[in-house]
Amino acid sequence: MTAERARGASSLSRVEAILANPELYALADAIPEPETAAGGRPRHYPAVAAVLYETLISVYGSARQVEAELSHPLVWARVRKGLRLHGGVDVGTKPMRRH
(Lines give C-alpha, C1' and ligand atoms only; values in the text may rest on other atoms or scores of the structure.)
Protein backbone atom coordinates (compact mmCIF):
# COMPACT_ATOMS: atom_id res chain seq x y z
CA MET A 1 0.00 0.00 0.00
CA THR A 2 1.35 3.41 -0.90
CA ALA A 3 1.72 6.15 1.66
CA GLU A 4 -0.83 8.24 -0.23
CA ARG A 5 -3.50 5.52 -0.02
CA ALA A 6 -2.77 4.92 3.66
CA ARG A 7 -3.43 8.55 4.54
CA GLY A 8 -6.97 8.79 3.17
CA ALA A 9 -8.92 12.02 3.12
CA SER A 10 -8.45 14.75 5.69
CA SER A 11 -11.20 15.39 8.19
CA LEU A 12 -11.96 18.78 6.68
CA SER A 13 -12.23 17.26 3.20
CA ARG A 14 -14.69 14.71 4.57
CA VAL A 15 -16.74 17.47 6.23
CA GLU A 16 -16.85 19.42 2.97
CA ALA A 17 -17.96 16.28 1.09
CA ILE A 18 -20.79 15.77 3.58
CA LEU A 19 -21.87 19.40 3.22
CA ALA A 20 -21.93 19.03 -0.58
CA ASN A 21 -24.01 15.82 -0.46
CA PRO A 22 -27.64 16.53 -1.42
CA GLU A 23 -28.77 13.59 0.73
CA LEU A 24 -27.89 15.59 3.85
CA TYR A 25 -30.51 18.17 2.91
CA ALA A 26 -33.03 15.54 1.76
CA LEU A 27 -32.79 13.80 5.16
CA ALA A 28 -33.29 17.12 6.93
CA ASP A 29 -36.34 17.88 4.79
CA ALA A 30 -37.90 14.61 6.00
CA ILE A 31 -37.88 15.88 9.61
CA PRO A 32 -41.27 17.45 10.36
CA GLU A 33 -41.40 21.02 11.60
CA PRO A 34 -42.74 21.31 15.16
CA GLU A 35 -46.25 22.69 15.45
CA THR A 36 -46.18 26.16 16.94
CA ALA A 37 -49.56 25.60 18.63
CA ALA A 38 -48.00 22.90 20.81
CA GLY A 39 -45.75 25.47 22.47
CA GLY A 40 -42.13 24.98 23.42
CA ARG A 41 -39.02 26.85 22.47
CA PRO A 42 -38.11 27.28 18.82
CA ARG A 43 -35.09 25.40 17.51
CA HIS A 44 -31.76 27.21 17.67
CA TYR A 45 -30.66 25.56 14.42
CA PRO A 46 -32.51 24.18 11.39
CA ALA A 47 -33.12 20.43 11.08
CA VAL A 48 -30.16 20.03 8.73
CA ALA A 49 -27.86 21.04 11.59
CA ALA A 50 -29.00 18.08 13.69
CA VAL A 51 -28.49 15.68 10.78
CA LEU A 52 -25.08 17.20 10.08
CA TYR A 53 -24.00 16.93 13.72
CA GLU A 54 -24.88 13.23 13.86
CA THR A 55 -23.13 12.64 10.54
CA LEU A 56 -19.98 14.38 11.75
CA ILE A 57 -19.62 11.76 14.49
CA SER A 58 -18.49 9.39 11.71
CA VAL A 59 -15.73 11.87 10.84
CA TYR A 60 -14.55 12.78 14.33
CA GLY A 61 -15.40 9.64 16.30
CA SER A 62 -17.56 11.12 19.06
CA ALA A 63 -20.12 13.83 19.75
CA ARG A 64 -17.69 15.42 22.19
CA GLN A 65 -15.03 15.69 19.46
CA VAL A 66 -17.58 17.09 16.99
CA GLU A 67 -18.35 19.85 19.48
CA ALA A 68 -14.63 20.55 19.95
CA GLU A 69 -13.99 20.72 16.20
CA LEU A 70 -17.01 22.91 15.45
CA SER A 71 -15.97 25.33 18.18
CA HIS A 72 -12.87 26.24 16.15
CA PRO A 73 -13.68 29.47 14.29
CA LEU A 74 -12.19 28.30 10.97
CA VAL A 75 -14.06 24.99 11.00
CA TRP A 76 -17.35 26.64 11.95
CA ALA A 77 -16.88 29.25 9.21
CA ARG A 78 -16.36 26.45 6.65
CA VAL A 79 -19.46 24.63 7.89
CA ARG A 80 -21.56 27.80 7.71
CA LYS A 81 -20.29 28.52 4.20
CA GLY A 82 -20.98 24.95 3.07
CA LEU A 83 -24.53 24.97 4.44
CA ARG A 84 -25.21 28.29 2.76
CA LEU A 85 -23.62 27.31 -0.56
CA HIS A 86 -25.05 23.80 -0.94
CA GLY A 87 -28.32 23.99 0.98
CA GLY A 88 -29.23 27.65 1.11
CA VAL A 89 -29.23 27.32 4.89
CA ASP A 90 -28.05 30.10 7.14
CA VAL A 91 -26.95 29.28 10.67
CA GLY A 92 -25.71 31.71 13.25
CA THR A 93 -22.20 32.61 14.24
CA LYS A 94 -22.38 30.53 17.43
CA PRO A 95 -21.26 26.91 16.79
CA MET A 96 -23.56 23.98 17.52
CA ARG A 97 -23.06 22.07 20.75
CA ARG A 98 -24.02 18.56 21.85
CA HIS A 99 -27.10 19.70 23.73
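Sequence order sets the numbering: in each chain, residues are counted from 1 along the sequence as written. Local features are withheld for residues below a pLDDT of 70 in this predicted model, meaning they are given only at 70 or higher, and side-chain atom pairs are given and counted only at 80 or more; totals for whole chains, interfaces and linings count all residues. Only hydrogens and water are set aside when side-chain values are computed; all heavy atoms of the structure are taken into account.

A. Here's a closer look at the overall build of the chain. When helices and strands are tallied, the chain shows 6 helices and 0 strands. Along its sequence from the N terminus, the chain presents helices and strands in the succession α-α-α-α-α-α. Projected onto its principal axes, the C-alpha positions of the chain cover 60 × 25 × 20 Å. Here the term buried applies to any residue with accessible area under 20% of the maximum for its type, exposed to any over 50%, and partly exposed to those in between, with areas from a 1.4 Å probe on protein chains only. Relative to its full complement of 99 residues, the chain shows a buried share of 26%. Contacts are assigned to residue pairs that have any heavy atoms within 4.5 Å of one another. Excluding contacts between residues fewer than 6 apart, the proportion of contacts in the chain whose partners are at least 24 apart in sequence is 57%. Roughly 7,000 Å² of accessible area belongs to the chain as shown, and the carbon and sulfur atoms make up 53% of that amount. Computed over 13 positive and 10 negative side-chain charges, the inter-centroid distance for the chain is 8 Å. Per the convention used, a helix needs a DSSP run of H or I reaching at least four residues, while a strand needs a run of E reaching at least two, with both numbered from the N terminus. Areas reported as accessible are Shrake-Rupley estimates using a 1.4 Å probe. Residue values count occlusion only from the protein chains shown. Asp and Glu count as negative and Lys and Arg as positive, but His and the ends of the chain are not part of the count. The atoms used to mark charge sites are NZ of Lys, CZ of Arg, CG of Asp and CD of Glu.

B. Representation of helix H5 (residues 63-70). Considered for burial, the residues of H5 that qualify are Val66, Glu67 and Leu70. Here the buried residues of H5 occupy an arc of 100 degrees about the axis, which is enough to place them on one side. Buried-residue contacts for H5 involve helix H4 (47-60) and helix H6 (73-87). As used here, the arc is the angular range of directions from the helix axis to the C-beta atoms.

C. Here's a closer look at helix H3 (residues 22-29). Of the residues making up H3, those classed as buried are Leu24, Tyr25 and Ala28. For H3, the buried positions fall inside an angular range of 90 degrees around the axis, keeping them on one side. Across from the buried face of H3, at angles greater than 90 degrees, the exposed residues are Pro22, Glu23, Leu27 and Asp29. Within 3.5 Å is the distance limit for a polar contact, defined as a pair of N or O atoms, with the added protein rule that one can donate a hydrogen and the other accept it, and that residues adjacent in sequence qualify only through two side-chain atoms. Two to three positions downstream of the cap, the backbone nitrogen of Glu23 sits 2.8 Å from a side-chain oxygen, assigning the N-cap of H3 to Asn21.

D. Local environment of the environment of Gly61. As for its position among the elements, Gly61 is in the loop between H4 and H5. For the pair Gly61 and Asn21, spaced 40 residues apart in sequence, the C-alpha to C-alpha distance is 20 Å.

E. Focus on the packing of helix H2 (residues 11-20) against H6. Close contact between H2 and H6 brings their axes to 9 Å; oriented N to C, the two are set at 25 degrees. Judged by the inter-axis angle, H2 sits roughly parallel to H6. Seen from above, H2 lies across H6 with right-handed handedness. Between H2, through Leu12, Val15, Glu16, Leu19 and Ala20, and H6, the contact on the second element is made entirely by Arg78, Val79, Gly82, Leu83 and His86. The axes are straight lines fitted to the C-alpha atoms, using for helices just the contacting stretch, and the angles between their N-to-C directions are given from 0 to 180°. Small angles under 35 degrees read as roughly parallel and large ones over 145 as roughly antiparallel, with 65 to 115 read as roughly perpendicular and the rest as oblique. A clockwise turn of the near helix away from the far one marks a right-handed crossing, whereas an anticlockwise turn of less than a right angle marks a left-handed crossing.

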